Amino acid sequence: TVKNGYGRNYLIPNGIAILATDSIKKMHAENLKQRAHKEVKIKEEAEKLAKSIKSAKVKVAAKVGEKGKIFGSITNIQVADALKEAGFDLDRKNINIIEKNIKSIGKYSADIKIHKDITVTIEFEVSEG
């Protein structure tokens with residue numbers, strides 16, 4: 001809701017706004033309904049993916065020196081590559097390793113953001129490779 005002159009002289013000619021007629025209001029309500037339906041479907045798929053990722057065995061191979069120390073450290077890129085080998089193609093930006101500076105062999109965990117509402121924690125194992 002704006003003043004008549006502002007809407008007629010600026011908003012509508014520049015394509016920023018349109019008149020709120022009954023048919024346009026119905027179209028907008030239908031678009032919102034369809035968007036909500038799609039969002040529910042996407043969220044259900046993300047939940048299925050979260051369940052399958054949680055049950056996956058993820059192993060990250062690293063070069064190891066004497067006394068079990070890793071050359072460098074494990075990053076989210078390496079975890080993303082290990083997940084890709086396990087059949088899950090996820091963006092590395094959505095992976096957050098809980099413990100920073102992993103420099104030895106062992107089991108660790110990482111949080112993976114699959115959807116804006118769904119985050120899953122996975123266990124991965126760093127092994128000699």
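No experiment lies behind these values; they were computed from the predicted model shown. (Residues numbered from 1 in each chain as written. Predicted model: local features only at pLDDT ≥ 70, side-chain atom pairs only at ≥ 80, totals over all residues. Heavy atoms only, no water.)

A. View of the packing of aromatic side chains. If you walk through the whole model with that rule in mind, you get two aromatic pairs. Ring geometry for Tyr6 and Tyr10: centres 5.7 Å apart, planes at 20°, overall stacked. Of this pair, Tyr6 and Tyr10 are both found in helix α1 (residues 4–11), four residues apart, which corresponds to roughly one turn of the helix. Take Tyr6: its relative accessible area is 43%, and that puts it in the partly exposed class. Note on Tyr10: relative accessible area 40%, which makes it partly exposed. (Phe/Tyr/Trp six-rings, centres within 6.5 Å; stacked < 30°, edge-to-face > 60°. Helix = DSSP H or I, 4+ residues; strand = E, 2+ residues; numbered from the N terminus. Buried < 20%, exposed > 50% of the residue type's maximum accessible area, 1.4 Å probe, protein only.)

B. The arrangement of the side chain of Ser109 in detail. Residue position: Ser109 is located in strand β5 (residues 106–113). The exposure class assigned to Ser109 is buried, which follows from its relative accessible area of 18%.

C. How the structure looks around the sheet that holds strand β3 (residues 95–97). Pairing within the open sheet is mixed, and its four strands lie in the order β1-β6-β5-β3. Edge positions in the sheet fall to β1 (58–62) and β3, since each of these pairs with one other strand and no more. With strand direction ignored, the average angle separating the axes of adjacent strands in the sheet is 35°. Both β1 and strand β6 (residues 119–128) contribute to a ladder of five bridges, which runs parallel. The partner of Lys59 across the bridge, within β6, is Glu125. Set on the sheet, helix α2 (residues 22–54) makes contact with β5 and β6; between it and β6 the angle comes to about 30°. (Pairing = 2+ DSSP bridges. Axes fitted to C-alpha atoms, helices over the stretch in contact; angles between N-to-C directions. Contact = heavy atoms within 4.5 Å.)

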